[in-house]
Amino acid sequence: MNFAVLREKLVTEALLTTPEITQAITSLAEIPQPPTNPNFSFNRELQKLLLGKQLLIDEIPYSLEDIQSHYENGYITMRKGITLNKNRPQCERCGNEDQSLFATFPCSRCREICTYCRKCIMMGRVSTCTPLYGWGDENDLQHTDATLDWTGTLSSGQQHASNQVIEFIKANKELLVWAVCGAGKTEVLFEGIHHALSEQKRVCVATPRTDVVLELTPRLQAVFPTIEVASFYGGSEDRQKYSPLTIATTHQLLRFYKAFDTIILDEVDAFPYSVDEALQFAVKQARKDNSSLIYLTATPNEQWQKECRQGKREFVTIPARYHRHPLPAPEFVWCGNWNKALTKGTLPANVMKWLKHRIDTGKHALFFIPKIELIPKILPILQKLHPDIEAVHAEDPNRKEKVKALRNKEIPLLITTTILERGVTFPNLDVAVLGSDDRIFTESALVQISGRVGRSAQFPNGDITFFHYGLTESMLKARKEIQNMNKEALQKGLIDVE
Amino acid sequence: MSEYCLFCHEEITSNTNWSSFFKVKTATYLCPTCEAQLIKIEGDTCNICNRPLEKLEPQFVINSRCLDCVRWEEDEEWKGYLLKNESLYEYNTFLKEIISQYKFRGDYILAKIFSTNIQQKLISDTLFVPIPLSAERQFERGFNQSEALIVEAGHSPTHLLERTHSEKQSKKSRYDRIHIPQVFRLKEGRDVADKAILLIDDIYTTGSTLRHAAKILMHAGAKSVSSLTIARS
């Protein structure tokens with residue numbers, strides 16, 4: 001799409017009535033932004049759609065004329081989708097600068113060779129003739145008072161963290177909440193979110209995983225009943241909704257721009273956020289210049305742990321679970337060369353014994369394996385112990401059903417890759433890891449896996465066994481971290497001595 | 001030769017040995033893992049539409065021809081227009097993902113994946129004619145996916161057809177697709193008399209789109225109309 005500059009305003013090519021010189025938006029030296037006309041009666045739905053966003057023309061279901069008039073009257077803003085830095089393109093939506101992730105094509109919209117970003121193409125194509133549309137008036141829409149409708153009580157560990165969260169939200173600063181698996185971190189957010197909303201702040205809870213968005217939305221909607229929570233994930237229907245409280249996948253934050261006063265980022269260390277620079281860029285872009293950012297995780301990476309120790313990063317820990325029982329620490333069991341056993345159609349005797357014991361006693365279990373390719377070999381061996389045993393992995397279309405079947409006790413045991421390392425809670429569970437020395441089982445993966453055990457107050461204990469063919473540093477660090485958290489919790493009086 | 005797989009972005013490591021050293025380098029755009037998921041259409045296929053016959057129950061095959069094509073050729077309104085279709089690959093989940101990213105997300109560069117294979121199929125003395133998009137769809141996508149296949153294979157497209165109105169094919173049933181009124185017309189001033197024509201499209205599904213185009217061109221005096229698509233669904 002090309003633009004002409006007429007009387008210090010951009011005019012979309014399709015709306016020109018006289019022949020004019022037109023250009024792609026990236027080629028313009030600067031983008032004129034007309035002053036806001038207070039007498040213009042703007043469309044409030046369009047405002048809700050565009051406030052704090054950066055959308056493509058294809059994502060705005062209004063006519064070009066509407067968009068043009070709102071721009072000319074100073075309400076809609078435009079930014080370049082791609083900027084050139086010494087002739088090297090950079091994507092303004094996702095921050096991509098990797099030249100191998102740009103490509104060119106003869107574009108029907110501008111009739112020139114257009115350069116586009118391949119990094120964020122799943123969200124629609126941003127090219128050198130693509131404007132990013134937003135809303136000029138940065139004042140948020142006033143929202144009705146949010147009441148906090150929650151009758152639960154926080155444990156003293158949770159309460160301490162909750163107070164810190166409120167302080168950091170007030171001060172517009174960054175805070176890491178380092179909470180063990182099963183600490184009850186969602187409840188820790190309630191008071192902080194409530195406080196932010198009461199100050200008319202716009203809040204976003206972001207997470208790398210769609211599953212978590214789907215789980216959090218009804219939960220937060222229930223505790224904040226007077227406001228309407230908006231939920232953003234691939235395929236969600238809330239695209240046009242404006243809400244003071246938004247729950248979104250980190251991917252969806254690519255559509256926001258300087259939107260939030262407070263972002264709470266859950267599972268900072270989880271894939272894909274941890275490895276995808278575009279998602280980290282998206283979080284930065286979605287924040288207002290003056291805003292708070294609360295990180296939540298049970299397993300900060302090594303760099304962050306170091307920064308915490310050195311006092312370079314503000315953090316608060318919740319070293320104990322809300323039910324005041326210590327975290328089950330993993331037991332290391334050497335099982336020899338289990339790969340070799342597999343070629344003979346079996347598993348090491350101590351592994352088989354562990355599995356058989358769960359089946360015999362009817363204790364439900366997760367059995368973690370390092371690679372998806374092992375499933376066809378391991379599943380038949382375990383199905384000899386019990387025919388209902390199933391296996392899941394990331395690409396499994398029946399993943400949800402199988403997890404549900406284990407929760408409903410329809411199946412006794414589930415074989416899984418690291419896909420179930422986090423986010424799933426079963427009340428009474430034992431867990432074993434086969435080949436815990438494999439590279440896939442990082443320190444954080446092992447801490448998360450151990451964190452599946454003993455989650456509920458009724459069943460606070462459980463067995464977590466790492467079957468290995470040689471110790472790794474990750475295994476030792478994971479066990480050390482769990483022990484340290486238990487020690488800290490004991491010192492702070494957050495667990496009861498048994 | 002790109003260093004990274006255009007689809008999964010993994011680095012492509014090439015094994016250099018004496019035979020690869022002396023061989024003329026052909027461009028690779030996919031890593032071996034992705035490449036292996038593209039299944040070429042081989043073996044016995046329908047002598048019109050190129051559909052693999054082994055995947056059909058015997059009662060749906062008559063004299064090396066699939067029942068769909070038999071039905072087209074029995075229909076006085078449609079017989080004899082489309083000489084032959086050729087499709088490069090089976091339309092499996094993997095190819096579906098590639099085509100969807102190429103066409104609907106608009107990742108133009110993915111056309112290169114097919115360029116070498118398409119190039120081999122484009123013979124001289126033939127007009128390469130892309131299936132046109134409506135003006136709205138062309139604006140929406142930013143490019144015509146069929147035209148891009150010809151261009152990226154190093155040839156020039158000949159634009160002979162235009163849409164009479166716009167409709168999304170992928171949302172329709174087979175009945176609706178076959179019983180639509182004429183969707184194309186010959187562009188003004190185009191002469192196709194005695195020309196051999198190769199229509200290019202991304203997917204052959206029912207063959208309805210291609211037969212509508214073929215009918216217009218044959219009525220305008222073309223010598224023959226064949227088609228080439230990436231996928232046969």
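What you are looking at is a predicted structure, and each value in this text was computed from that prediction instead of being measured.

### Digging into the overall build of chain B
No. 1: A count of helices and strands for chain B gives 9 helices and 8 strands.
No. 2: When each of the 233 residues of chain B is scored for burial, the buried share is 49%.
No. 3: For chain B, the computed accessible surface area is about 12200 Å², with 49% contributed by carbon and sulfur atoms.

### Quick look at the environment of B:Pro130
Residues and elements named next belong to chain B.
No. 1: Within the fold, Pro-130 resides in strand E4 (residues 126–130).
No. 2: Residues Pro-130 and Ala-148 lie 18 residues apart in sequence; the distance between their C-alpha atoms is 8.7 Å.
No. 3: Pro-130 has contacts with Asn-144, Ser-146, Glu-147, Ile-150, Pro-157, Thr-158, His-159 and Ile-200, leaving out every residue within four places of it along the chain.

### A short note on the domain arrangement of chain B
Residue and element names in this part refer to chain B.
No. 1: On domain assignment, one finds that chain B holds domain 1 (1–36) and domain 2 (39–232).
No. 2: Counting from both sides, the interface comprises 7 residues of domain 1 and, opposite them, 11 residues of domain 2.
No. 3: Taken over both partners, the interface formed by domain 1 and domain 2 buries close to 840 Å², and the fraction arising from carbon and sulfur atoms is 74%.
No. 4: At the boundary of domain 1 and domain 2, one finds 0 residue pairs in polar contact (both at pLDDT 80 or more).
No. 5: Here the side of domain 1 that touches domain 2 is built from residues that sort into 7 nonpolar, no polar and no charged.

### Concerning the interface of chain B and chain A
No. 1: Taken together, the contact between chain B and chain A spans 15 residues of the former and 15 residues of the latter.
No. 2: Interface area for chain B against chain A, summed over the two sides, is near 1400 Å², with a carbon-plus-sulfur share of 52%.
No. 3: Here chain B is connected to chain A by 1 salt bridge.
No. 4: Residue B:Asp107 is joined to A:Arg118 by a salt bridge in which the shortest nitrogen-to-oxygen separation is 2.8 Å.

### Observations concerning the nonpolar core
No. 1: A:Val177, A:Ile193, A:Leu220, A:Phe224, A:Leu245 and A:Leu253 are the most contacted members of the largest nonpolar core, which totals 71 residues.
No. 2: For this core, the element with the highest residue contribution is helix H4 (residues 185–198) of chain A, accounting for 6 residues.
No. 3: Two domains share this core, each providing at least three of its residues, namely domain 1 (2–135) and domain 2 (156–318) of chain A.
No. 4: Setting aside anything within four residues of it in sequence, one finds A:Leu253 in contact with A:Cys204, A:Ala206, A:Ala248, A:Phe260, A:Ala282, A:Val283 and A:Ala286.
No. 5: Grouped together as the second largest cluster of nonpolar side chains are 45 residues, B:Tyr89, B:Ile99, B:Phe143 and B:Ala153 included.

### Focus: the packing of aromatic side chains
No. 1: Applying the stated criterion across every chain yields a total of 20 aromatic pairs over all chains.
No. 2: Centroid distance B:Phe7 to B:Phe94: 5.3 Å. Interplanar angle 80 degrees. Geometry classified as edge-to-face. Placement of B:Phe7 in the segment before helix H1 (18–22) and of B:Phe94 in helix H4 (residues 93–103) is noted, with a sequence separation of 87 residues between them.
No. 3: When its relative accessible area of 8% is taken as the criterion, B:Phe94 is described as buried.
No. 4: Note that A:Arg358 overlies the ring of A:Trp354, its terminal NZ or CZ placed 4.2 Å from the centroid.
No. 5: Taking NZ or CZ as reference, A:Arg479 lies 3.9 Å from the ring centre of A:Phe332, over its face.

### What about the pattern of salt bridges?
All names here are of chain A.
No. 1: Within the structure shown, the criterion is met by 40 salt bridges over all chains.
No. 2: The closest approach of N and O atoms between Lys-241 and Glu-228, which form a salt bridge, is 3.1 Å. Here Glu-228 lies in the loop between helix H5 (210–223) and strand E12 (230–232) and Lys-241 lies in the loop between E12 and strand E13 (245–249), a separation of 13 residues in the sequence.
No. 3: A residue is classified by how much of its surface remains accessible, and Lys-241, at 23% relative accessible area, is partly exposed.
No. 4: Several salt bridges converge on common partners, so that one network encompasses Glu-267, Asp-269, Glu-421 and Arg-422.

### A look at the packing of H4(A) against H5(A)
Residue and element names in this part refer to chain A.
No. 1: As a packed pair, H4 and H5 sit with axes 11 Å apart at the nearest point and diverge in direction by 45 degrees. Taken together, the axis directions place H4 and H5 in an arrangement best described as oblique. The two elements H4 and H5 meet at a crossing, and its hand is right-handed. Together, Thr-186, Glu-187, Phe-190 and Ile-193 of H4 and Leu-216, Arg-219, Leu-220 and Val-223 of H5 make up the contact between the two elements.

### A look at unusual backbone geometry
Residue and element names in this part refer to chain B.
No. 1: Its identity as a non-glycine residue notwithstanding, Ser-64 has a phi of 60 degrees, on the positive side.
No. 2: Counting through the fold element by element, Ser-64 comes out in the loop between strand E1 (61–62) and strand E2 (65–66).
No. 3: Taking the relative accessible area as the measure of exposure, Ser-64 reaches 42% and is therefore partly exposed.
No. 4: Backbone geometry at Asp-194 places phi at a positive 60 degrees, although glycine is not the residue there.
No. 5: Positionally, Asp-194 belongs in the loop between strand E6 (184–186) and strand E7 (196–204).

### Describing the sheet that holds E7(B)
All names here are of chain B.
No. 1: In spatial order, the strands read E3-E8-E7-E4; together these 4 strands make up an open sheet with parallel pairing. Single-partner strands in this sheet number two, and they are strand E3 (84–90) and E4. Taken pair by pair, the neighbouring strands of this sheet meet at an average axis angle of 20 degrees, ignoring direction.
No. 2: Pairing between E4 and E7: 5 bridges, direction parallel. Residue pairing across strands places Pro-130 opposite Ile-200, the latter belonging to E7.
No. 3: Where helix H7 (residues 145–152) meets the sheet, it contacts E4, E7 and strand E8 (224–232), and its direction lies at approximately 120 degrees from that of E7.
No. 4: Contacting E3, E7 and E8, helix H9 (residues 208–219) runs over the sheet at an angle of about 165 degrees to E7.

### What to know about the domain arrangement of chain A
All names here are of chain A.
No. 1: Here chain A is partitioned into domain 1 (2–135), domain 2 (156–318) and domain 3 (331–491).
No. 2: Computed over C-alpha atoms, the centres of domain 2 and domain 3 are 29 Å apart.
No. 3: The interface of domain 2 with domain 3 comprises 15 residues on the first partner and 16 residues on the second.
No. 4: Around 1200 Å² of area is buried between domain 2 and domain 3 when both sides are counted, 45% of it from carbon and sulfur atoms.
No. 5: Area buried by domain 2 at its contact with domain 3 is led by Cys-181, Arg-209 and Thr-299, which between them contribute 35% of it.

### Examining the sheet that holds strand E1 (residues 2–6) of chain A
All names here are of chain A.
No. 1: Sheet architecture is open: 3 strands sit in the order E2-E1-E3, paired in antiparallel fashion. In this open sheet, the two strands that pair with only one neighbour each are strand E2 (9–12) and strand E3 (23–24).
No. 2: With 4 bridges joining them, E1 and E2 adopt antiparallel strand pairing. Bridging from a neighbouring strand, Leu-6 pairs with Lys-9 of E2.

### Considering the side chain of A:Thr246
All names here are of chain A.
No. 1: Structurally, Thr-246 can be placed in strand E13.
No. 2: Given a relative accessible area of 1%, Thr-246 falls into the buried group.
No. 3: Residues within four places of Thr-246 in sequence aside, it is in contact with Val-203, Cys-204, Val-205, Ala-230, Phe-232, Phe-256 and Phe-260.

### Describing H5(A)
Because an α-helix completes one turn every 3.6 residues, residues spaced three or four positions apart along the sequence face the same direction.
All names here are of chain A.
No. 1: Between its first and last C-alpha, H5 extends 20 Å over 14 residues, near the 20 Å set by a 1.5 Å rise per residue.
No. 2: Listed as buried for H5 are Val-212, Val-213, Leu-216, Thr-217, Leu-220 and Val-223.
No. 3: Buried residues along H5 sit in contact with H4, strand E11 (203–207), E12, E13 and strand E14 (260–266).

### Comments concerning the pairing of strand E6 (residues 88–91) of chain A
Residues and elements named next belong to chain A.
No. 1: In this structure, strand E5 (residues 82–85) lies alongside E6, joined through 4 bridges in antiparallel fashion. Residue pairing across strands places Ile-82 opposite Cys-91, the latter belonging to E6.
No. 2: Hairpin connection, E5 to E6: the antiparallel pair is bridged by 2 residues, and Lys-86 has positive phi, about 50 degrees.

Conventions adopted
- Residues numbered from 1 in each chain as written.
- Chains lettered and ligands numbered in written order.
- Predicted model: local features only at pLDDT ≥ 70, side-chain atom pairs only at ≥ 80, totals over all residues.
- Heavy atoms only, no water.
- Helix = DSSP H or I, 4+ residues; strand = E, 2+ residues; numbered from the N terminus.
- Buried < 20%, exposed > 50% of the residue type's maximum accessible area, 1.4 Å probe, protein only.
- Areas by Shrake-Rupley, 256 points an atom, 1.4 Å probe, with all protein chains shown as cover.
- Contact = heavy atoms within 4.5 Å.
- Domains from an automatic or database assignment.
- Buried area = accessible area lost by both parts, 1.4 Å probe.
- Polar contact = N/O pair within 3.5 Å; in protein donor to acceptor, adjacent residues only side chain to side chain.
- Nonpolar A, V, L, I, M, F, W, Y, C, P; charged D, E, K, R; others polar.
- Salt bridge = Lys/Arg side-chain N within 4 Å of Asp/Glu carboxyl O.
- Core = buried A, V, L, I, M, F, W, Y, C linked by side-chain atoms within 4.5 Å.
- Phe/Tyr/Trp six-rings, centres within 6.5 Å; stacked < 30°, edge-to-face > 60°.
- Lys NZ or Arg CZ within 6 Å of the ring centre and 35° of its normal.
- Axes fitted to C-alpha atoms, helices over the stretch in contact; angles between N-to-C directions.
- Parallel < 35°, antiparallel > 145°, perpendicular 65-115°, else oblique.
- Left-handed = near helix turned anticlockwise from the far one by under 90°.
- Pairing = 2+ DSSP bridges.
- Expected span 1.5 Å × (residues − 1).

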